[in-house]
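Coordinate analysis (summary)
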Amino acid sequence: MSVVGVVGAGVMGTGVAQNLAQTGHRVILVDVDQATVDRALWQMERDARLSRMLSGSAVEFDASVVAGQVGLKGLAEADVVVENITENWDLKRALYAELDEACAPEAIFVANTSAIPITRIAAATRRPEQVIGVHFMNPVPMKPAVELIPGVHTSPETVTRTTALLEAMGKKVIPVRDSCGFVSNRVLMLTVNEAAYLVYEGVADAETVDEVFRSCFGHPMGPLETADLIGVDTILHSVVVLYEHYADSKYRPCPLLREMTDAGLHGRKTGRGFYTYAD
Ligand code: NAD
């Protein structure tokens with residue numbers, strides 16, 4: 001059974017760990033505090049049970065294959081580490097330097113980022129040929145495809161090993177060139193940011209913006225429901241990464257996203273964002 005380290009036990013790390021556990025991998029799940037790790041373990045069991053009920057699927061979730069912990073100890077066992085920490089370059093850069101020390105020399109680092117270029121992340125390690133981007137979609141266990149992003153120095157062997165892992169997780173792999181925001185978030189983040197501006201300027205409220213996208217375009221979710229699902233803070237961080245990288249005012253972050261982030265209105269994960277959630 002291969003061992004995969006999953007660092008960051010928030011929205012994405014929880015989904016990645018659950019998906020790995022359900023597809024025959026042993027997982028070491030890491031965050032900075034025990035309460036977050038415990039919540040992630042609880043959420044995985046709940047989500048796996050819910051999805052079994054809703055889909056009638058026979059996929060079991062065996063909690064014993066996931067070891068939750070604070071700190072990087074034990075990651076030397078991992079063949080692959082999937083990094084899912086906060087979308088903040090300073091935090092990621094510091095973590096990759098630590099991972100380089102803590103992990104086996106042959107381990108691959110998979111960066112799950114919304115926008116940060118993979119080549120920049122790889123440069124924070126001494127193993128750039130073993131660093132690759134995988135842009136997982138949320139919620140991870142339910143989404144069928146990922147963007148796969150090799151950096152400038154990523155080796156063909158790293159691409160092959162990562163593709164095999166993703167296929168074992170049940171994912172269709174869509175390779176794209178390394179570029180800040182990749183394909184998905186160059187478009188999605190602009191859309192969500194502009195949708196936030198419509199609310200900020202009083203052109204329409206969140207319900208109306210989303211209703212236009214659902215009823216007129218047939219989208220299953222509007223952009224502001226999507227913002228709440230992703231995390232309003234993660235949207236802000238990603239738009240800031242795009243704005244700084246391209247030095248292009250079209251990515252100027254909407255002040256409403258900043259205010260909501262400061263106020264803890266991060267969407268589903270905090271119970272309130274553009275909408276309010278009972279759970
Ligand atoms: P999140 O805020 O829900 O979780 C991030 C977690 O990382 C937090 O629990 C935090 O405590 C932890 N963390 C921060 N620094 C850490 C460190 N040094 N070591 C261990 N844990 C640390 O964020 P998220 O939505 O899970 O996003 C994680 C990454 O995935 C980001 O880079 C984001 O851009 C990317 N991403 C997010 C989505 C989405 O829909 N939310 C989709 C694709 C990619």
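Definitions and cut-offs
Residues numbered from 1 in each chain as written. Predicted model: local features only at pLDDT ≥ 70, side-chain atom pairs only at ≥ 80, totals over all residues. Heavy atoms only, no water. Pairing = 2+ DSSP bridges. Helix = DSSP H or I, 4+ residues; strand = E, 2+ residues; numbered from the N terminus. Axes fitted to C-alpha atoms, helices over the stretch in contact; angles between N-to-C directions. Contact = heavy atoms within 4.5 Å. Near = heavy atom within 4 Å. Areas by Shrake-Rupley, 256 points an atom, 1.4 Å probe, with all protein chains shown as cover. Nonpolar A, V, L, I, M, F, W, Y, C, P; charged D, E, K, R; others polar. Domains from an automatic or database assignment. Patch = residues over 30% accessible without salt bridge, like charges linked within 9 Å, V, L, I, M, F, W, Y side chains within 5 Å. Salt bridge = Lys/Arg side-chain N within 4 Å of Asp/Glu carboxyl O. Parallel < 35°, antiparallel > 145°, perpendicular 65-115°, else oblique.

On to the sheet that holds strand β7 (residues 145-150), then. Taken together, the eight strands give an open sheet; going across it, the order is β3-β2-β1-β4-β5-β6-β7-β8, and neighbouring strands pair in mixed fashion. Two strands bound the open sheet, and with one partner strand each, they are β3 (66-70) and β8 (172-175). Neighbour to neighbour, the strand axes of the sheet diverge by 25° on average, direction disregarded. For strand β1 (residues 3-7) and strand β2 (residues 26-31), the ladder comprises five bridges, and the chain directions are parallel. Looking at the pairing, Val4 lines up with Val27 of β2. Docked against the sheet, helix α3 (residues 89-102) engages β1, β4 (80-83) and β5 (108-111), running at close to 165° with respect to β5.

Time to look at the site of the ligand. The local shell around the ligand holds 22 residues, among which Met12, Asp31, Glu87, Lys92 and Ser114 are the closest. Out of a free accessible area of 840 Å², the ligand has 87% covered by protein chains. When grouped by side-chain class, the residues that make up the shell around the ligand number seven nonpolar, eleven polar and four charged. Structurally, the shell around the ligand is a two-domain feature, drawing no fewer than three residues from each of domain 1 (3-175) and domain 2 (186-269).

Before going further, it helps to examine the environment of Thr234. Its location among the elements puts Thr234 in helix α9 (residues 232-246). For the pair formed by Thr234 and Glu87, sequence separation is 147 residues and the distance between their alpha carbons is 6.4 Å. Discounting residues that sit within four places of it in the chain, Thr234 has contacts with Ser114 and Lys269.

A contiguous nonpolar surface patch, about 360 Å² in accessible area, is contributed by Leu50, Met53 and Leu54. By the secondary structure assignment, Met53 is in helix α2 (residues 34-55).

What follows covers the packing of helix α6 (residues 184-200) against helix α10 (residues 255-262). Put simply, α6 and α10 touch, their axes get as near as 8 Å, and they point 90° apart. As far as their axial angle goes, α10 and α6 are roughly perpendicular. Residue-level contacts link Asn193, Ala196, Tyr197, Val199 and Tyr200 of α6 to Pro255, Leu256 and Leu257 of α10. By residue class, the composition of the contact of α6 with α10 is seven nonpolar, one polar and no charged.

In short, geometric facts, not functional conclusions.
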